[in-house]
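Breakdown of the fold
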Amino acid sequence: RALGGGGGTMLSGTGSSGLYKAPLSKSLIVVLSIVAFILAVPFQQYQNYFLYDLKAIKEDYRIWRLIAARIVYLDLKDVFCSCLLIYNFRIFERRYGSRKYASFLLGSWVLSAFTDLLLVEALKYTLDMSVIILPSGFLGPVFGLFVPFYYSIPSIQVTQILGRFSITNKTLVYIVGLQLLTSSTNIWILAFSGLLSGIMYHYNVLKMQQLFYVPECMARCASFTLEPLLLSANPTQETPIGMGATLEIQRQQRTELLDQQMMLAQLNQNNRRHRGQGGLINWERFFPPLRHRLNANNQQQDSGLNSPSMSAAVSEEQVARLMEMGFSRVDALQALRASNNDINMATNFLLQH
């Protein structure tokens, strides 16, 4: 698979919060935002150099304009929505590494550039629709990332509206994408070319993954020079406690939070030790606090502590979802059993490994 990942909660439904283990995503957000702000406020006179002018590109062969216009944003609304989406798509960089993530962005950028030009020509000769100016920015790869997001991230219901309409961990990401799609008239062309390029790269059509990739020497150079400047601190795994909750609910939330912190600490400490065991994770050692968590029924707790073999049946559908994300069946089964069939928690801990 080209890319894959796991879900979490609502808008930030992609693992732990922050930009931990995502230096490329962090650099894209910072650079694109700063450059867009500079061109929008103090240096508006230079915006013309970054205008996505198809006439100048085709007739005057200004390839530099094609490159600049397809990276730099001129609309602050577009850069804001794009940065939100890049932040949520950072899970792909965490799961598969910065090099594969950069290769996907490179491939989808090049493919969408050609698709933009072909689609504009097709509109001109079939519908007599002339398009000269397109929105500027890193839009092709951003729309292309919706392809692995749709196929690789499982949908987990968070709540319901009016008892009929489900809200999942992916809903707000699609809403942000829809907002970006409706920000200007001709942006649908970039969205279509981005999605098409994402599909082609994700499914390796015509060996696109072998054709467009970041060389290993370049990746090592960037890792040696830039990654130390862009690394983020390890997540603290702290989550806010509901202020309006009762004392019993707050106590339960704090217990669950403590369990998560203990599990992650044990997971990190034993990570290197268990790499040599065929890639399988000893979940029985990592998750005793979660499996024996304090609950309202003391008898169930005692029986769970004394009889660890008794566990809830694992849903094959949830196992299939985790396997689609690239995890082995053994790890998926053990994670779901240890998390009491909570696919959200199981996914987060698998991704942290």
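Summary of the structure given here. (Residues numbered from 1 in each chain as written. Predicted model: local features only at pLDDT ≥ 70, side-chain atom pairs only at ≥ 80, totals over all residues. Heavy atoms only, no water.)

1. A short note on the overall build of the protein
Secondary structure assignment for the protein yields 21 helices and four strands. Per-residue burial over the protein gives 43% buried out of 353 residues. Intrachain contacts of the protein at a sequence separation of at least 6 include 73% that bridge at least 24 residues. (Helix = DSSP H or I, 4+ residues; strand = E, 2+ residues; numbered from the N terminus. Buried < 20%, exposed > 50% of the residue type's maximum accessible area, 1.4 Å probe, protein only. Contact = heavy atoms within 4.5 Å.)

2. Examining the packing of helix α1 (residues 23-40) against helix α4 (residues 76-88)
Running from N to C, α1 and α4 point in directions that differ by 175 degrees, and their axes come no closer than 10 Å. Judged by the angle between their axes, α1 and α4 are roughly antiparallel. Judged by residue contacts, Ser25, Leu28, Ile29, Leu32, Ser33, Ala36, Phe37 and Ala40 of α1 engage Leu76, Val79, Cys83, Ile86 and Tyr87 from α4. Residue classes in the contact of α1 with α4 are distributed as eleven nonpolar, two polar and no charged. (Axes fitted to C-alpha atoms, helices over the stretch in contact; angles between N-to-C directions. Parallel < 35°, antiparallel > 145°, perpendicular 65-115°, else oblique. Nonpolar A, V, L, I, M, F, W, Y, C, P; charged D, E, K, R; others polar.)

3. Focus: the pairing of strand β4 (residues 165-168)
Where strand β3 (residues 157-161) lies against β4, four bridges are found, and the strand directions are antiparallel. Across the sheet, residue Ile161 finds its bridge partner in β4, namely Phe165. Between β3 and β4, which pair antiparallel and follow one another directly, the connecting turn spans three residues, one of which, Leu162, has a positive phi of 60 degrees. (Pairing = 2+ DSSP bridges.)

4. Remarks on the pattern of salt bridges
Inspection of every chain in the model, using the stated rule, returns seven salt bridges. Taking the shortest distance from any N to any O, the salt bridge between Asp75 and Lys77 comes out at 3.3 Å. Across the salt bridge formed by Arg220 and Glu216, the nearest N and O atoms sit 2.6 Å from each other. A residue pair is termed a helical-turn pair when its members lie 3 or 4 positions apart in one helix, as Arg220 and Glu216 do in helix α12 (residues 216-225) at four residues. Given a relative accessible area of 57%, Arg220 falls into the exposed group. Residue Glu216 is classed as partly exposed on the basis of its relative accessible area, which comes to 40%. (Salt bridge = Lys/Arg side-chain N within 4 Å of Asp/Glu carboxyl O.)

5. As for the environment of Leu111
Along the polypeptide, Leu111 turns up in helix α6 (residues 98-126). The exposure class of Leu111 is buried, given its relative accessible area of 10%. Once the C-alpha coordinates of Leu111 and Phe212 are considered, the two residues, 101 residues apart in sequence, prove to be 9.4 Å apart. What Leu111 contacts, discounting residues up to four positions off in sequence, is Ser197, Met200, Met208 and Phe212.

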